[in-house]
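Below, each chain spelled out in residue letters.
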Amino acid sequence: MPELIVVGDRVLIEPDDGEQLTASGLVLPASVAERERVGLGRVVKAGPGHLVPNPEYVEGESWNASKKAGRYLPLQAKPGDLAFFIRKESIEMTYEQRKYLILPHHAILALVRPNHKDILDEILEADRR
């Protein structure tokens, strides 16, 4: 999905909308799970971050064109992270027949970052499909 560019402080998430098992053993269908306030999903892509002024930029220095007026502060969310997010902040979209959610980084409540071996295993498994 290299042609899909996520902009600014947005995060693209593949939601985990399957059936859920409650603590008492009841199975909740996906339609009930969607009504929950907090969602769960895997981060697919993250934008470049928050645009902030570059303190090193000086407008009159035409000889130093390498410095830009703005720069990005990177986001905490990285591809492969499991994200808990505020569901009402998300926007649903379909890309290549798959359902995704786009949401601002501030709507993410917590991240679970797998270790590098887990990420490598997931990539290898996805390549086999």
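Below, the structure is looked at part by part. Given the structure is predicted, the values throughout are model-derived calculations rather than measurements. (Residues numbered from 1 in each chain as written. Predicted model: local features only at pLDDT ≥ 70, side-chain atom pairs only at ≥ 80, totals over all residues. Heavy atoms only, no water.)

## Thoughts on the overall build of the protein
Okay, step 1: Looking only at helices and strands, one finds 2 helices and 10 strands in the protein.
Okay, step 2: In the protein, the succession of α and β elements from N to C terminus is β-β-β-α-β-β-β-β-β-β-β-α.
Okay, step 3: Counting contacts in the protein only where the partners sit at least 6 residues apart, residues at least 24 apart contribute 70% of the total.
Okay, step 4: Total accessible area on the protein stands at roughly 9,200 Å², and carbon and sulfur atoms take up 56% of it. (Helix = DSSP H or I, 4+ residues; strand = E, 2+ residues; numbered from the N terminus. Contact = heavy atoms within 4.5 Å. Areas by Shrake-Rupley, 256 points an atom, 1.4 Å probe, with all protein chains shown as cover.)

## Things to note about the sheet that holds strand β10 (residues 108-112)
Okay, step 1: Taken in spatial order, the 6 strands make up an open sheet running β8-β9-β1-β4-β7-β10, and their pairing is antiparallel. The two strands at the open ends of the sheet, each matched to only one other strand, are β8 (91-95) and β10. Taking each pair of neighbouring strands and ignoring which way they run, the sheet shows an average axis angle of 40°.
Okay, step 2: Bridge count for strand β1 (residues 10-15) against strand β9 (residues 98-104) is 4 bridges, and the pairing is antiparallel. Across the sheet, the residue bridging to Leu12 is Ile102, located in β9. (Pairing = 2+ DSSP bridges. Axes fitted to C-alpha atoms, helices over the stretch in contact; angles between N-to-C directions.)

## Observations regarding the environment of Val52
Okay, step 1: Along the chain, Val52 turns up in strand β5 (residues 50-53).
Okay, step 2: With 21 residues separating them along the chain, Val52 and Leu73 place their C-alpha atoms 7.2 Å apart.

## Some points on the nonpolar core
Okay, step 1: The biggest cluster of nonpolar side chains holds 11 residues, and these are Val11, Ile13, Val43, Leu75, Ala77, Ala83, Phe85, Leu101, Leu103, Ala107 and Ile108.
Okay, step 2: For this core, the secondary structure elements donating two or more residues are β1, β7 (82-86) and β9.
Okay, step 3: If we skip the residues at most four places from it in the chain, Phe85 touches Ile13, Arg37, Val38, Gly39, Leu40, Gly41, Ser90, Leu101, Leu103, Ala107, Ile108 and Leu109.
Okay, step 4: Core analysis: the second largest hydrophobic core is formed by 5 residues, Val6, Leu12, Tyr95 and Tyr100 among them. (Core = buried A, V, L, I, M, F, W, Y, C linked by side-chain atoms within 4.5 Å. Buried < 20%, exposed > 50% of the residue type's maximum accessible area, 1.4 Å probe, protein only.)

## A closer look at the pairing of β9
Okay, step 1: In terms of strand pairing, β8 meets β9 through 5 bridges, oriented antiparallel. The partner of Glu92 across the bridge, within β9, is Leu101.
Okay, step 2: Between β8 and β9, which follow one another and run antiparallel, lie 2 residues, and Glu96 among them has a positive phi close to 50°.

## Some points on the pattern of salt bridges
Okay, step 1: Throughout the structure, instances matching the rule amount to 4 salt bridges.
Okay, step 2: Notably, a salt bridge pairs Arg10 with Asp9, separated by 2.7 Å at the nearest N-O pair.
Okay, step 3: Residue Arg10 is classed as partly exposed on the basis of its relative accessible area of 37%.
Okay, step 4: A residue is classified by how much of its surface remains accessible, and Asp9, at 17% relative accessible area, is buried. (Salt bridge = Lys/Arg side-chain N within 4 Å of Asp/Glu carboxyl O.)

## Observations concerning a nonpolar patch on the surface
Okay, step 1: Where nonpolar side chains cluster on the molecular surface, the patch consists of Val38, Phe84, Leu109 and Val112 and spans about 320 Å² of accessible area.
Okay, step 2: Note on placement: Val112 falls in strand β10. (Patch = residues over 30% accessible without salt bridge, like charges linked within 9 Å, V, L, I, M, F, W, Y side chains within 5 Å.)

## Observations concerning unusual backbone geometry
Okay, step 1: The phi dihedral of Glu96 falls on the positive side, at around 50°, and the residue is not glycine.
Okay, step 2: Looking at where Glu96 falls in the secondary structure, it is placed in the loop between β8 and β9.
Okay, step 3: One non-glycine residue, Gln97, lies in the positive phi region at around 60°.
Okay, step 4: Here Gln97 shows up in the loop between β8 and β9.
Okay, step 5: Owing to a relative accessible area of 74%, Gln97 belongs among the exposed residues under this scheme.

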